[in-house]
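Fold and geometry: a report
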Amino acid sequence: MPFTGPAEDRLAIRELLETYADAVTRHDPDAWGETWAEDAEWSLPDYPELGTTRGRSAIVTMWIAAMKNYPGIMFEAWPGAIEIDGDRAVMRSYTSEVYDQDGGTKRDRGVYEDVCVKIDGRWLFKSRSFRNIHRQG
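What comes next is a walk through the structure. (Residues numbered from 1 in each chain as written. Predicted model: local features only at pLDDT ≥ 70, side-chain atom pairs only at ≥ 80, totals over all residues. Heavy atoms only, no water.)

1. So, the overall build of the chain
Basically, it comes down to this: Under the scheme used here, helices are H or I runs from DSSP no shorter than 4 residues and strands are E runs no shorter than 2 residues, and both carry numbers assigned from the N terminus. The globule rule used here is 2.2 Å times the number of residues to the 0.38 power, and the radius of gyration it is set against is calculated over C-alpha atoms. Three labels apply to residues, based on accessible area from a 1.4 Å probe with only protein chains included: buried if under 20% of the type maximum, exposed if over 50%, partly exposed otherwise in between. What makes two residues a contact is simply this: any of their non-hydrogen atoms within 4.5 Å.
Secondary structure summary: the chain contains 3 helices and 7 strands in total. The N-to-C order of helical and strand elements in the chain reads β-α-α-β-β-α-β-β-β-β. A compact globule built from 137 residues would reach a C-alpha radius of gyration of about 14 Å, and the chain, at 15 Å, matches this within 12%. The buried share among the 137 residues of the chain stands at 41%. Counting only contacts in the chain whose residues sit at least 6 apart along the sequence, the fraction spanning at least 24 positions is 54%.

Spelled out as structure tokens, the structure:
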């Protein structure tokens, strides 16, 4: 079953993902950073120049620099699975991005494998690992 666990936690995790996507589209590093646990890890294996970044502060710093390459981005995300076990959850989510780059419009689709943790009653990303599924440009 791809969606398991209490409905209120599944809703909160969906809202975490939606908050993340909204912050990307608005280029809001404060709101985006608040979706990560302090000791989080972000892996981008399809982007070896970025690799894996650890710690919320380092993740946000890297994201701010990277976002300069994605002007006009429209970022959407939705869950394909959420499985909750107490204060830990695994989620598979999909993304669709449209942005301007090198004089043209690019469209990327990808998948995240996520671990979320509930800290002080709030769900946060503990780890995210992104892979490209399709690129169009």
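2. Side note on the nonpolar core
To be explicit about the condition: Here, nonpolar core refers to any group of buried Ala, Val, Leu, Ile, Met, Phe, Trp, Tyr and Cys residues whose side-chain atoms link them within 4.5 Å.
Counting 36 residues, the largest nonpolar core has Tyr-20, Trp-32 and Trp-42 as the members making the most contacts within it. Residue assignment for this core shows that the elements contributing at least two residues are helix 1 (7–26), strand 2 (36–44), helix 3 (56–67), strand 4 (74–85), strand 5 (88–101), strand 6 (104–119) and strand 7 (122–136). Broken down by element, the residue count for this core peaks at 7 residues, all from helix 1. With residues up to four places along the chain from it excluded, the contact list for Trp-32 reads Tyr-20, Ala-23, Val-24, Trp-42, Ile-59, Val-60 and Trp-63.

3. Details of the packing of aromatic side chains
Applicable threshold: Two rings belonging to Phe, Tyr or Trp (six-membered ring only in the last case) form a pair when the distance between their centres is within 6.5 Å. Interplanar angles under 30 degrees mark stacking, angles over 60 mark edge-to-face geometry, and anything in between is tilted.
Under the defined criterion, the tally for this structure stands at 13 aromatic pairs. Both rings, one in Tyr-20 and one in Phe-75, keep their centres 6.0 Å apart while their planes meet at 55 degrees; by these two values the pair is tilted. Separated by 55 residues along the polypeptide, Tyr-20 in helix 1 and Phe-75 in strand 4 bring together distant segments of the chain. For the pair formed by Tyr-20 and Phe-75, the shared burial category is buried. Seen in terms of ring centroids, Tyr-70 and Tyr-99 are 4.8 Å apart; in terms of plane orientation they differ by 75 degrees. Their pairing is edge-to-face. Taken together, the residues Tyr-70 in the loop between helix 3 and strand 4 and Tyr-99 in strand 5 connect sequence positions 29 residues apart.

4. Here's the deal with the pairing of strand 3 (residues 51–54)
Here is the rule: At least two DSSP bridges between two strands are needed for those strands to be called paired.
With 4 bridges joining them, strand 2 and strand 3 adopt antiparallel strand pairing. By the bridge assignment, Glu-41 is partnered in strand 3 with Arg-54.

5. Observations concerning the pattern of salt bridges
Pairing of side chains with opposite charge becomes possible as their charged atoms draw close. For the record, the criterion: Salt bridges are defined by distance alone: a side-chain nitrogen of Lys or Arg within 4 Å of a carboxyl oxygen of Asp or Glu.
Using the criterion set out here, one finds 11 salt bridges in the structure. The shortest N-O distance in the salt bridge between Arg-26 and Asp-22 comes to 2.8 Å. Linking Arg-26 with Asp-22, this pair stays in helix 1, spanning 4 residues, or about one helical turn. For Arg-26, a relative accessible area of 45% translates into the label partly exposed. You can call Asp-22 partly exposed: its relative accessible area is 38%. Put simply, Arg-122 and Glu-34 hold a salt bridge, and the shortest N to O gap is 3.8 Å. On the criterion of sequence distance, the pair formed by Arg-122 in strand 7 and Glu-34 in the loop between helix 2 (29–33) and strand 2 is long-range, its members being 88 residues apart. For Arg-122, a relative accessible area of 40% translates into the label partly exposed.

6. Topic: helix 1
Going by this rule: One less than the residue count of a helix, multiplied by 1.5 Å, gives the span that helix is expected to have. Read the arc as the range of directions from the helix axis to the C-beta atoms.
Across its 20 residues, helix 1 extends 28 Å between first and last C-alpha, which sits within 8% of the 28 Å expected from 1.5 Å per residue. Taken as a whole, helix 1 has its buried residues at Asp-9, Ile-13, Leu-16, Leu-17, Tyr-20, Ala-21, Ala-23 and Val-24. Buried residues of helix 1, seen end-on, are gathered within an arc of 165 degrees and therefore sit on one face of the element. Positive phi appears at His-27, one or two residues downstream of helix 1, with a value of about 55 degrees.

Shape descriptors only; they carry no functional weight alone.
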